[in-house]
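# Structural characterization, general
Spelled out, the chains give:
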Amino acid sequence: EKLFAEQFGLVDGPVQTNLADTVQLLKNSRMATALLEFAFDHGVRIEVTQQTEVAFYDRHKSVISLRPLLTETDQALLLVRELRRVWQHRNGTLLHPLLFHPDQAIVINRVQAADLMTIMVRVAWELKLSGQRAVWCALEAGDNHDLARAFAREALADFRAINNGRAMAAVFESWFMSERCRSYDRKLIQEMLSDYQGYVSKAGESEPSRVLTQQILSTLGAVPFGKNYLSAHAATIMADPMFTDIRDRSNANFLWFIKFEQSFRQTEKTLMDV
């Protein structure tokens, strides 16, 4: 255990001991353990600091920062989320949505967030199976109870659904069936508008952006073991309105304006180059 703590930069002290306890808790989950080992293999450190709002993966410094004085349950879920970001980053699927055409930027932003939540639910279920029920109970009692129940429904109907991807695919789909898209869309569109001139001029063209998005979707569902839970559904995600439509009218209006301005500038540039 001391060696494991040293590998992740966990040192003695009241706050760090709490983090060490959280890491020990996560080792009861095969998925969380695999993500921890993956992060270690890529030189990622975990630290507790007041300099982060809650939890943050700094890809440039290879550091996961967690805010102190979180409950063990919250710390466990947040650490799993950031460990999954490490996985996304190292597997080439953590590209910033603003690098894409506006339509695909919305999809990329959504699926990245849905994948993080899906892995959190998977780890919570594995902890429950090992006898560590607190994290699962927190999910069931909180705002993500619908996602937890979607996973449980599939897993209880057929235990093979855990590793063959069906249970995680059910969580992923449930994420999109909720109202979560609205808040994520709003935040991304605000980013587009705050860097409006730069984004409009640099965002990718529609067709190359669409092809790259489908490739990312095919890769995003990969896990350290078991079946990729999204690869078979990539084409459906790109075409199904449930995954792509902007449901909030104000979000849709702002996005239309951004797309119109981008199209206008591209046409203007083409005419000037002729």
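Residues numbered from 1 in each chain as written. Predicted model: local features only at pLDDT ≥ 70, side-chain atom pairs only at ≥ 80, totals over all residues. Heavy atoms only, no water.

Looking at the protein, pLDDT values average 86 and 85% of them are 70 or higher. Element-level mean pLDDT values for the protein span from 46 in helix 1 (residues 2-7) up to 97 in helix 7 (residues 145-157). Contacts for the low-pLDDT stretch residues 1-7, under 50 throughout, to residues beyond four places or in other chains number seven contacts. Segment residues 11-17 is flagged for pLDDT under 50; beyond a separation of four residues in sequence, or across chains, it makes four contacts in the model. (pLDDT = per-residue confidence, 0-100. Helix = DSSP H or I, 4+ residues; strand = E, 2+ residues; numbered from the N terminus. Contact = heavy atoms within 4.5 Å.)

Within soluble globular proteins, side chains that are nonpolar generally end up buried alongside one another. Judged by nonpolar contacts, the single largest core of 67 residues is most densely connected at Leu-26, Leu-79, Phe-151 and Phe-172. The element contributing the most residues to this core is helix 5 (residues 102-129), with 12 residues. Filtering out sequence-adjacent residues up to four positions away, Leu-26 remains in contact with Ala-32, Thr-33, Leu-36, Ala-76, Leu-79, Val-80, Val-123 and Leu-127. Core analysis: the next-biggest nonpolar cluster, separate from the first, contains 11 residues, Ile-106, Ile-108, Ile-216 and Leu-255 among them. (Core = buried A, V, L, I, M, F, W, Y, C linked by side-chain atoms within 4.5 Å. Buried < 20%, exposed > 50% of the residue type's maximum accessible area, 1.4 Å probe, protein only.)

Pairing is mixed in the open sheet, where three strands are placed in the order 1-3-2. The open sheet terminates on both sides in strands that have one partner only, identified here as strand 1 (45-48) and strand 2 (55-58). Each adjacent strand pair in this sheet contributes to an overall mean axis angle of 20 degrees, direction not counted. Taken together, the four bridges between strand 2 and strand 3 (residues 63-66) define a ladder with antiparallel strand orientation. Within strand 3, the residue paired with Ala-55 across the bridge is Leu-66. Running over the sheet, helix 4 (residues 72-90) touches strand 1, strand 2 and strand 3 and is turned about 20 degrees from strand 2. (Pairing = 2+ DSSP bridges. Axes fitted to C-alpha atoms, helices over the stretch in contact; angles between N-to-C directions.)

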